[in-house]
Amino acid sequence: CVVSGTHVTPSHSTIRPGFPVPVNTNNPEVRKAARFGVYRYNNSSNDLFLFKESQIKKAMVQIVRGLKYMLHVEIKRTMCEKRDHSSLDSCHFQREKSLQRMLRCYFEVWITPWTHEVHIPVAHCH
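Predicted model only: the values in this text are computed from it and were never measured.

Moving on: the sheet that holds strand β5 (residues 67-81). If you trace the 5 strands from one edge of the open sheet to the other, you get β3-β4-β5-β6-β7, paired in antiparallel fashion. A single partner strand is all that each edge strand has here, and the edge strands are β3 (21-22) and β7 (117-125). Across the sheet, helix α1 (residues 28-44) is in contact with β4 (49-63), β5, β6 (102-112) and β7; its angle to β4 comes to roughly 130°.

Take a look at the structure:
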């Protein structure tokens, strides 16, 4: 995205403000948004281990005073314990059969690029 003042010019300029549109799940911005959702989940869970996104199933983006991502993400338990405060990039998925766990999540991640603010109004995992 090109940011000038408080006006975001999306690289996919066919998008009109207010309409959610599908976006590629491999898009780096989508992946970054998914990671924010995972941080939010990890901060609110009482699991001993950190979870990390394993697959982004579906992604939509909506332009509303920034970019609002609506993401369906599968997350899996890693081998990193929360108390270690590891970087998720270096955390491998749990190999121990009895400790493996996968959750399906729906995240709404609202990013305002010009203020560098991130809000996650919705983070449901089951």
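After that view, the rundown keeps rolling.
This part takes up the state of the cysteines. Under the defined criterion, the tally for this structure stands at 2 disulfides. Between C80 and C91 runs a disulfide, and the two sulfur atoms are separated by 2.1 Å. Sign of the S-S torsion, about -115° for the bond between C80 and C91, identifies this disulfide as left-handed. With a gap of 11 residues between them, C80 in strand β5 and C91 in the loop between β5 and β6 connect regions that are remote in the sequence. With respect to burial, C80 and C91 carry one shared label: buried. Note that C105 is cross-linked by a disulfide to C125, the S-S spacing being 2.1 Å. Because the torsion about its S-S bond is 110°, the bridge between C105 and C125 counts as right-handed.

The next point concerns the side chain of R77. Of note, R77 is situated in strand β5. Exposure remark for R77: the relative accessible area of 13% places this residue in the buried category. One polar contact links R77 to D47, side chain to side chain, over a distance of 2.6 Å. Here the side chain of R77 touches L99 through a polar contact of 2.6 Å, landing on its backbone oxygen. Among all residues touching R77, those that are not within four sequence positions of it are D47, F49, L50, F51, F93, Q94, L99, Q100 and R101.

The subject of this paragraph is the pairing of β5. In regular strands, side chains alternate between the two faces of the sheet. In terms of strand pairing, β4 meets β5 through 12 bridges, oriented antiparallel. Of the residues in β5, the one forming a bridge with I56 is V73. Counting the residues that bridge the hairpin from β4 to β5 gives 3 residues, and of these R65 lies at a positive phi of roughly 45°. Two elements, β5 and β6, share 10 bridges in a ladder whose sense is antiparallel. Considered in β6, the bridge of Y69 is made with V109.

Before going further, it helps to spend a moment on unusual backbone geometry. Within the chain, R65 stands out as a residue other than glycine whose phi angle is a positive 45°. Relative to the helices and strands, R65 resides in the loop between β4 and β5. By relative accessible area, R65 is classed as exposed at 65%. Of note in the backbone geometry, H116 takes a positive phi value of approximately 60° without being a glycine. Structurally, H116 can be placed in the loop between β6 and β7. H116 gets classed as exposed once you look at its relative accessible area, which sits at 72%.

Analysis parameters
- Residues numbered from 1 in each chain as written.
- Predicted model: local features only at pLDDT ≥ 70, side-chain atom pairs only at ≥ 80, totals over all residues.
- Heavy atoms only, no water.
- Pairing = 2+ DSSP bridges.
- Helix = DSSP H or I, 4+ residues; strand = E, 2+ residues; numbered from the N terminus.
- Contact = heavy atoms within 4.5 Å.
- Axes fitted to C-alpha atoms, helices over the stretch in contact; angles between N-to-C directions.
- Disulfide = S-S within 2.5 Å.
- Buried < 20%, exposed > 50% of the residue type's maximum accessible area, 1.4 Å probe, protein only.
- Polar contact = N/O pair within 3.5 Å; in protein donor to acceptor, adjacent residues only side chain to side chain.

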